[in-house]
Amino acid sequence: MIVCPNCNHPNPDGAVQCEACYTPLPATTNCPSCGATVQADAAFCGQCGYNLHSAGVPHVHPATVAATVTPDVPVEVPPLVPPDPLLELLQPDALGMGKSTNSHPPSSSLPPTEVAVPPEPAPQLVTESSSPEPAPPVAVQPVVSVQSIPTPPPMEPAPASEAEVPPPAAPAPTATAARTQLQQVTARLIHVQTDRLIELPQNLSVIHIGKPNDRIPPDIDVSGFPNSEVVSRIHADIRVEGDAHYVEDVGSSNGTYINNLPLLPGNRHRLRPGDRISLGKGDLMTFLFQLA
């Protein structure tokens, strides 16, 4: 069995390529010790651990080698053909004109060519009568005596006044103060008909809105508000998830409306500041959602 090096698919012995991914499989051979099938480039046998590189060529006794007998086959020798002198003359450099027996070039009978040599420039003569140009005058700087100039005494640094000392920088606000400001943000409902303010409880994740009942007591009781007869005992819930508030209808009789649009039972709406929540039809029990 040959295992594919690409996808590890077992292939039968003698397979050339993988049956699963068609990758060419490595050549295999047999271990000389145990006869197991191993790869041709393996160093050790996977069955018995035999070192495959130490396996040498088996020694063959010379007596077992059959003697090679050369059969008597007549050899035909073609007849010799004399060379044609005309063909030898047609060959390049048949007369040996290209080869020079003397390393020196042959002397020519022509007279040597005269080569014109350019005349040398005449040397310039310097007359003794010409006087050299006078050197430019050098300005002499006056020498100042070091002892004549008194050295001023070193000045002492003036003491820093109290007014020049910068005041200490005010400490940067910490993350605790920022978290405290975030925790102070509270959600509240404003009753439109009576302008009454209701703060939502901060310790509850689900706030029940309705009227007193025996099943789920309301966290916000609207029985004391005008037109409370349109509100069911178990009317709506406000769920708090992090900094988000969601309102949903829990099966009221007259329904819940968000911004004058009906909220279907089972659906919920994420409240944003300024949203209008109406409990029941006719916009008789209305609240405004705000963040303070």
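Residues numbered from 1 in each chain as written. Predicted model: local features only at pLDDT ≥ 70, side-chain atom pairs only at ≥ 80, totals over all residues. Heavy atoms only, no water.

Comments concerning the overall build of the protein chain
Along its length, the protein chain carries two helices and 15 strands. Relative to its full complement of 292 residues, the protein chain shows a buried share of 19%. Sequence separation of at least 24 residues holds for 31% of the intrachain contacts in the protein chain that already meet a minimum separation of 6. Of the accessible surface of the protein chain, which amounts to about 23900 Å², a share of 58% is contributed by carbon and sulfur atoms. (Helix = DSSP H or I, 4+ residues; strand = E, 2+ residues; numbered from the N terminus. Buried < 20%, exposed > 50% of the residue type's maximum accessible area, 1.4 Å probe, protein only. Contact = heavy atoms within 4.5 Å. Areas by Shrake-Rupley, 256 points an atom, 1.4 Å probe, with all protein chains shown as cover.)

Examining the sheet that holds strand S9 (residues 234-241)
On the basis of which strands lie adjacent, the open sheet formed by five strands has the order S8-S7-S9-S10-S13 and mixed pairing. The outermost strands of the open sheet, each flanked by one partner alone, are strand S8 (220-221) and strand S13 (268-270). Pairing of strand S7 (residues 206-210) with S9, which is carried by five bridges, proceeds in the antiparallel orientation. Each residue of the ladder has a partner; that of His 208, found in S9, is Asp 237. (Pairing = 2+ DSSP bridges.)

A few points about the state of the cysteines
The tally for this structure, following the rule as stated, stands at zero disulfides. Considering cysteine sulfurs only, Cys 48 is the nearest to Cys 34, which forms no disulfide, with 3.6 Å between them. (Disulfide = S-S within 2.5 Å.)

Notes on unusual backbone geometry
Phi angles above zero are rare outside glycine, and Asn 260 is one such case at about 70°. Position of Asn 260 relative to the elements: it lies in the loop between strand S11 (256-258) and strand S12 (261-263). Non-glycine residue Asp 283 carries a positive phi angle of around 55°. Structurally, Asp 283 can be placed in the loop between strand S14 (276-279) and strand S15 (286-291).

Looking at empty space enclosed by the protein
Within the structure shown, the criterion is met by one cavity of 30 Å³ or more. What lines the largest cavity is simply His 208, Ile 209, Gly 210, Ile 216, Pro 218, Arg 233, Ile 234, Ala 236 and Asp 237. Every element with two or more residues in the lining of the largest cavity is listed here: S7 and S9. Looking at the lining of the largest cavity residue by residue, the class counts come to five nonpolar, two polar and two charged. (1 Å grid on protein atoms, 1.4 Å probe; cavity = no way out; pocket = protein on both sides within 12 Å on 5 of 7 lines; lining within 4 Å. Points joined across faces, edges and corners; volume = space filled by probe spheres on them. Nonpolar A, V, L, I, M, F, W, Y, C, P; charged D, E, K, R; others polar.)

Focus: the pattern of salt bridges
Overall, the coordinates contain three salt bridges when judged by the stated rule. One salt bridge connects Asp 283 with Arg 276, and the closest N-O pair in it is separated by 3.1 Å. By relative accessible area, Arg 276 is classed as partly exposed at 26%. (Salt bridge = Lys/Arg side-chain N within 4 Å of Asp/Glu carboxyl O.)

Some details on the sheet that holds strand S6 (residues 196-199)
Spatially, six strands are ordered S6-S5-S15-S14-S11-S12 in an open sheet, and the strand pairing comes out antiparallel. Each edge of the open sheet is held by one strand with a lone partner, namely S6 and S12. Direction aside, the axes of adjacent strands within the sheet are offset by 30° on average. Of the strand pairs in this sheet, S11 and S12 are connected by three bridges, and their pairing is antiparallel. Paired with Tyr 257 across the bridge in S12 is Pro 262. (Axes fitted to C-alpha atoms, helices over the stretch in contact; angles between N-to-C directions.)

Some thoughts on the layout of surface pockets
Any empty space left between atoms is shown by rolling a water-sized probe over those atoms. In this structure, the largest pocket spans a volume of roughly 300 Å³. Residue lining of the largest pocket: 13 residues in total, with Val 185, Val 240, Gly 242, Asp 243 and His 245 positioned closest to the centre. Looking at the lining of the largest pocket residue by residue, the classes come out as eight nonpolar, four polar and one charged.

Topic: the pairing of S7
Here two bridges tie S7 to S8, and the two strands are oriented parallel to one another. Bridge assignment links Gly 210 to a residue of S8, and that residue is Asp 221.

Some thoughts on the confidence of the model for the protein chain
Model confidence for the protein chain is summarised by a mean pLDDT of 73, while 56% of its residues fall at 70 or above. Contacts from residues 57-67, a stretch scored under 50 in pLDDT, to residues over four places away or in other chains number one contact. With pLDDT under 50 throughout, residues 175-179 is counted as low confidence; its partners more than four residues away or in other chains account for zero contacts. (pLDDT = per-residue confidence, 0-100.)

With respect to the nonpolar core
In globular proteins that are soluble, nonpolar side chains generally tend to be buried together. Counting residues in each nonpolar core, the largest one holds 22 residues, and the members touching the most others are Leu 189, Leu 200, Ile 220, Val 222, Ile 238, Leu 279 and Met 285. Secondary structure elements with two or more residues in this core: strand S5 (187-191), S7, S9, S14 and S15. Excluding anything up to four places from it in sequence, Leu 200 contacts Ala 187, Arg 188, Leu 189, Ile 207, Ile 220, Ile 238, His 245 and Phe 289. Core analysis: the second largest hydrophobic core is formed by five residues, Cys 31, Ala 36, Val 38 and Leu 52 among them. (Core = buried A, V, L, I, M, F, W, Y, C linked by side-chain atoms within 4.5 Å.)

Examining the packing of aromatic side chains
Applying the stated criterion across every chain, the model contains one aromatic pair. Over the aromatic face of Tyr 246 sits the side chain of Arg 268, whose NZ or CZ is 4.1 Å from the ring centroid. (Phe/Tyr/Trp six-rings, centres within 6.5 Å; stacked < 30°, edge-to-face > 60°. Lys NZ or Arg CZ within 6 Å of the ring centre and 35° of its normal.)

Overview of the environment of Gly 266
Here Gly 266 shows up in the loop between S12 and S13. Taking the relative accessible area as the measure of exposure, Gly 266 reaches 64% and is therefore exposed. A sequence separation of 15 residues divides Gly 266 from Gly 251, and the C-alpha atoms of the two residues are 8.2 Å apart.

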